[in-house]
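Structural features, examined
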Amino acid sequence: MNAPKIEAVAAKDDALAALRRGDIAAALAAAERAVATDVTYPEGWAARGTVKLVSGDAAGAEPDLARAVELKPLLAEAHLNRAMALTGLGRLDSAEEAL
């Protein structure tokens with residue numbers, strides 16, 4: 001795997017910082033930038049999925065988190081958050097498999 005673009009890493013960090021502050025709109029905007037800057041950066045996809053999950057959009061979160069897992073199968077937080085999204089969607093068997 002190639003190193004992620006530094007701009008994508010910075011945008012992901014901005015997204016997580018905004019999420020910690022409770023600023024969902026800023027977190028989503030920054031996570032969108034991370035994904036747009038480098039579509040091969042799994043942590044960017046995981047950040048966007050996490051922001052969507054926290055905002056109550058489990059349906060939007062699941063594909064982002066699935067993409068993160070596809071890009072980096074050992075990304076534990078993506079597996080956990082994907083399982084939470086699947087649980088929120090009532091897909092309990094799939095959630096168990098995601099873990």
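None of the values given here were measured: they were computed from a predicted structure.

What follows covers the overall build of the chain. A count of helical and extended segments in the chain gives six helices and zero strands. In the chain, the order of α-helices and β-strands from amino to carboxyl end is α-α-α-α-α-α. Whereas a compact globule of 99 residues would reach a radius of gyration of roughly 13 Å, the chain reaches 13 Å, a difference of no more than 12%. Total accessible area on the chain stands at roughly 5,400 Å², and carbon and sulfur atoms take up 57% of it. Taking the average place of the 11 positive charges on the side chains of the chain and the average place of its 15 negative ones, the gap between the two points comes to 4 Å.

So, on to the packing of helix 4 (residues 58–71) against helix 5 (residues 76–88). Packing of helix 4 against helix 5 brings their axes to within 9 Å, and their N-to-C directions diverge by 150 degrees. Judged by the inter-axis angle, helix 4 sits roughly antiparallel to helix 5. Note on packing geometry: the crossing formed by helix 4 with helix 5 is left-handed. Across the interface between the two elements, Ala58, Ala61, Glu62, Leu65, Ala66, Ala68 and Val69 from helix 4 touch Ala78, His79, Asn81, Arg82, Ala85 and Leu86 from helix 5. Among the residues forming the contact of helix 4 with helix 5, the class breakdown is nine nonpolar, two polar and two charged.

A separate point is the environment of Gly88. By secondary structure assignment, the location of Gly88 is in helix 5. A C-alpha to C-alpha distance of 14 Å links Gly88 and Val51, two positions 37 residues apart in sequence.

Let us now look at the pattern of salt bridges. Scanning the model with the defined rule gives eight salt bridges in all. Among the salt bridges present, the one from Arg33 reaches Asp14, with a minimum N-O distance of 3.6 Å. Of this pair, Arg33 sits in helix 2 (residues 24–37) while Asp14 sits in helix 1 (residues 6–21), and the two are 19 residues apart along the sequence. As a salt-bridge pair, Lys52 and Asp64 come within 3.0 Å of each other at their nearest N and O atoms. One end of the pair, Lys52, is in helix 3 (residues 42–54); the other, Asp64, is in helix 4, and 12 residues separate them in sequence. The buried category is assigned to Asp64, whose relative accessible area is 4%.

Definitions and limits used
- Residues numbered from 1 in each chain as written.
- Predicted model: local features only at pLDDT ≥ 70, side-chain atom pairs only at ≥ 80, totals over all residues.
- Heavy atoms only, no water.
- Helix = DSSP H or I, 4+ residues; strand = E, 2+ residues; numbered from the N terminus.
- Rg over C-alpha atoms; globule rule 2.2 N^0.38 Å.
- Areas by Shrake-Rupley, 256 points an atom, 1.4 Å probe, with all protein chains shown as cover.
- Lys, Arg positive; Asp, Glu negative; His and termini not counted.
- Charge placed at Lys NZ, Arg CZ, Asp CG, Glu CD.
- Axes fitted to C-alpha atoms, helices over the stretch in contact; angles between N-to-C directions.
- Parallel < 35°, antiparallel > 145°, perpendicular 65-115°, else oblique.
- Left-handed = near helix turned anticlockwise from the far one by under 90°.
- Contact = heavy atoms within 4.5 Å.
- Nonpolar A, V, L, I, M, F, W, Y, C, P; charged D, E, K, R; others polar.
- Salt bridge = Lys/Arg side-chain N within 4 Å of Asp/Glu carboxyl O.
- Buried < 20%, exposed > 50% of the residue type's maximum accessible area, 1.4 Å probe, protein only.

This is a description of form; function is not addressed.
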